[in-house]
Amino acid sequence: MLISCSVDKLDCNKMGLLRPRTVYILTAQQHLVYHRQDSKPPLHRNIGGIMSHFHSGKNGAPVPENFRLEEITLAPDLKDGEVLVRTLYLSVDPYMRCRMNEDTGADYLTPWQISKCVDGGGVGVIDSSRCNNFAAGDVVISFNWPWQTHAVMTGSDLQKVDPQLVDGHLSYFLGAVGITGLTALLGIREKGHITKGANHTMVVSGAAGACGSIAGQIGRLDGCVRVVGICGSDQKCKAIVEDLGFSTAINYHLEDVPTKLKESCPDGIDVYFDNVGGAISDAVIAQMNNGSHIILCGQISQYNKDVPYPPPLSEETQKNLQSKNITRERFTVLNYMSKADAALCELSQWIKSGRIKVLETVVNGIENMGDAFCSMMKGGNIGKQIIKISH
Ligand SMILES: NC(=O)C1=CN([C@@H]2O[C@H](COP(=O)(O)OP(=O)(O)OC[C@H]3O[C@@H](n4cnc5c(N)ncnc54)[C@H](OP(=O)(O)O)[C@@H]3O)[C@@H](O)[C@H]2O)C=CC1
Ligand SMILES: CCCCCC(=O)/C=C/[C@@H]1[C@@H](C/C=C\CCCC(=O)O)[C@@H](O)C[C@H]1O
């Protein structure tokens, strides 16, 4: 969906006037808030047919009706310190499912507010500025980009980025040269303990997704002799082996994971990059070596359930961890941002030189963001799920 904008950018920049007034935004809907069993009574009563699936305390997958497209009018003038941004790309990510609960389960995550515009990772370009740090044409990113086609934002919420880092592929700032790339690289370096020459075997779950697809390639570059990916379709298995260089792939919907792991990892498993948790992770952990390491990146198989993060493990898996002295420390990329600049340079160079390949699934149009989010949560993406908002 395009908005009509016949405004000359230079005029906008000089005056902070004549900006496109009507923009499209996505708001969170009332039936968005699901309540954990132990949470307070709902602040917002759920009404309507769709919500019958999501009574207080019940679990559930998100649906596109959790979002509504609305038209708003932007205030006519910029205030000091503000910029008008045009949104280029927006990100949908698994953690957003946690922002659909009043209790997100993580202290660094705030819940989305009913009837208010939704936000997340975004990249865009400055259309006009009344902030000294930014000029028209600058490319900027934010973790809290409103899901709007244009937005008035405060300069302090934005970070300027250099398009050369991504050879002009600006969507990479939301993926391989952004938080997901950092998560893969820093997760491996901080928690993976890969030793070159030690013939390590790495297993990655969620292997065809944004983090997993990069993590497997870094595992190989950092010296693992075998990298096995677990993912949800034959097409994904083919992509990670043929395009990304994984040694083997397991389709967890069609194949018996323990049997396939036994075949693919004859020397056991030394490093496990865990994106999914649940039964898949139990099966991997059962075949891990003594003194091996888990990178506890995410547990997406549990995000639609009424459990805290990280979700509790079965007794058997806990025993396995203890008896084999397997490390499993929670990893949050935001705790390592002092290392982000160097890591982004490394990712950029690997991508430019072709040693890391980037996969993306791109959906067009803000009106399709709700669908794209729900699809990603069910495995509809290969690589990073991106929504293209404007050229
Ligand atoms: N610790 C940190 O700082 C960060 C953690 N994360 C975490 O990393 C993980 C991956 O995120 P990201 O790369 O952005 O997302 P992905 O691109 O991997 O997309 C999510 C994928 O999860 C898979 N999936 C969905 N449901 C299940 C299920 N029940 N069992 C197994 N797999 C499932 C689907 O692939 P398939 O077809 O294979 O099922 C889907 O494509 C998430 O758990 C996320 O929370 C992300 C960023 C930072
Ligand atoms: C509670 C489950 C979280 C699972 C792990 C995960 O996916 C973490 C992701 C974060 C993610 C979100 C961080 C900040 C967004 C701030 C939004 C807000 O509440 O204002 C990512 O961007 C960094 C990861 O650590």
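Since we're looking at a predicted model, the values are computed, not measured. (Residues numbered from 1 in each chain as written. Chains lettered and ligands numbered in written order. Predicted model: local features only at pLDDT ≥ 70, side-chain atom pairs only at ≥ 80, totals over all residues. Heavy atoms only, no water.)

**Student:** Just to check I follow, could you spell out the packing of helix 3 (residues 179-191) against helix 9 (residues 340-352) for this structure?
**Tutor:** The geometry of a pair of packed helices is captured by two quantities: the angle between their axes and the separation between those axes. Running from N to C, helix 3 and helix 9 point in directions that differ by 110°, and their axes come no closer than 10 Å. Classed by the angle they form, the pair helix 3 and helix 9 counts as roughly perpendicular. From helix 3, Gly 181, Leu 182, Leu 185, Leu 186 and Arg 189 reach across to helix 9, where they touch Ala 340, Ala 343, Leu 344, Glu 346, Leu 347 and Trp 350. Its residues assigned to classes, the contact of helix 3 with helix 9 shows 8 nonpolar, 1 polar and 2 charged. (Axes fitted to C-alpha atoms, helices over the stretch in contact; angles between N-to-C directions. Helix = DSSP H or I, 4+ residues; strand = E, 2+ residues; numbered from the N terminus. Parallel < 35°, antiparallel > 145°, perpendicular 65-115°, else oblique. Contact = heavy atoms within 4.5 Å. Nonpolar A, V, L, I, M, F, W, Y, C, P; charged D, E, K, R; others polar.)

**Student:** Just to check I follow, could you spell out the site of ligand 1 for this structure?
**Tutor:** If you check the shell around ligand 1, you find 26 residues, and the closest are Lys 236, Tyr 252, Tyr 303, Phe 331 and Asn 381. A distance of 2.9 Å separates an oxygen atom of ligand 1 from a polar backbone atom of Gly 232. The separation between an oxygen atom of ligand 1 and a polar side-chain atom of Tyr 252 is 2.5 Å. Considering ligand 1 on its own, with 910 Å² of exposed area, one finds that the protein chains cover 88% of that surface. Broken down by secondary-structure element, the contributors of at least two residues to the shell around ligand 1 are helix 4 (210-221) and helix 10 (369-377). Partitioned by chemical class, the residues of the shell around ligand 1 number 14 nonpolar, 11 polar and 1 charged. (Near = heavy atom within 4 Å. Polar contact = N/O pair within 3.5 Å; in protein donor to acceptor, adjacent residues only side chain to side chain. Areas by Shrake-Rupley, 256 points an atom, 1.4 Å probe, with all protein chains shown as cover.)

**Student:** What's the story with the site of ligand 2 in this structure? I'm lost.
**Tutor:** Close to ligand 2 lie 16 residues, the nearest being Tyr 108, Leu 109, Thr 110, Asn 144 and Tyr 303. Contact between ligand 2 and Thr 110: an oxygen atom at 2.7 Å from a main-chain N or O atom of the residue. In the complex, 88% of the free accessible area of ligand 2, which totals 630 Å², lies under the protein chains. For the shell around ligand 2, the residue count by class is 11 nonpolar, 4 polar and 1 charged.

**Student:** Teacher, can you tell me more about the packing of aromatic side chains here?
**Tutor:** Two descriptors summarise a pair of aromatic rings, namely the distance from one centre to the other and the angle between the planes of the rings. In total, this model carries 7 aromatic pairs according to the counting rule given. When the centroid spacing of 5.6 Å and the interplanar angle of 25° are considered together, the rings of Phe 67 and Trp 147 count as stacked. Taken together, the residues span a long stretch of sequence, with Phe 67 in strand 2 (residues 67-73) and Trp 147 in the loop between strand 5 (139-146) and strand 6 (150-154) at a distance of 80 residues. For the pair Phe 67 and Trp 147, one class covers both residues: buried. (Phe/Tyr/Trp six-rings, centres within 6.5 Å; stacked < 30°, edge-to-face > 60°. Buried < 20%, exposed > 50% of the residue type's maximum accessible area, 1.4 Å probe, protein only.)

**Student:** Looking at this model, I keep getting lost on helix 8 (residues 315-323). Mind explaining?
**Tutor:** Think of an α-helix as 3.6 residues a turn; residues three or four steps apart then line up on the same face. Residues of helix 8 that are buried include every one of Thr 317, Asn 320 and Leu 321, and no others. Projection of helix 8 onto a plane perpendicular to its axis shows the buried side chains occupying an angular sector of 95°, all on one side. Of the exposed residues in helix 8, the ones pointing more than 90 degrees away from its buried face are Glu 315, Glu 316, Lys 319, Gln 322 and Ser 323. Looking one or two residues past helix 8, Asn 325 carries a phi angle of roughly 50°, positive in sign. (Arc of directions from axis to C-beta.)

**Student:** What is the right way to read a nonpolar patch on the surface from this model?
**Tutor:** On the surface, Tyr 108, Phe 143, Leu 334 and Met 337 cluster together into a nonpolar patch covering about 360 Å² of accessible area. Along the chain, the position of Tyr 108 falls in the loop between helix 2 (95-98) and strand 4 (119-129). (Patch = residues over 30% accessible without salt bridge, like charges linked within 9 Å, V, L, I, M, F, W, Y side chains within 5 Å. Salt bridge = Lys/Arg side-chain N within 4 Å of Asp/Glu carboxyl O.)

**Student:** When you look at the environment of His 169 in this model, what are you seeing that I'm missing?
**Tutor:** Following the sequence through the fold, His 169 ends up in the loop between strand 7 (159-160) and helix 3. Classification of His 169 as partly exposed rests on a relative accessible area of 42%. Along the sequence, His 169 and Cys 237 sit 68 residues apart, while their C-alpha atoms lie 25 Å from each other.

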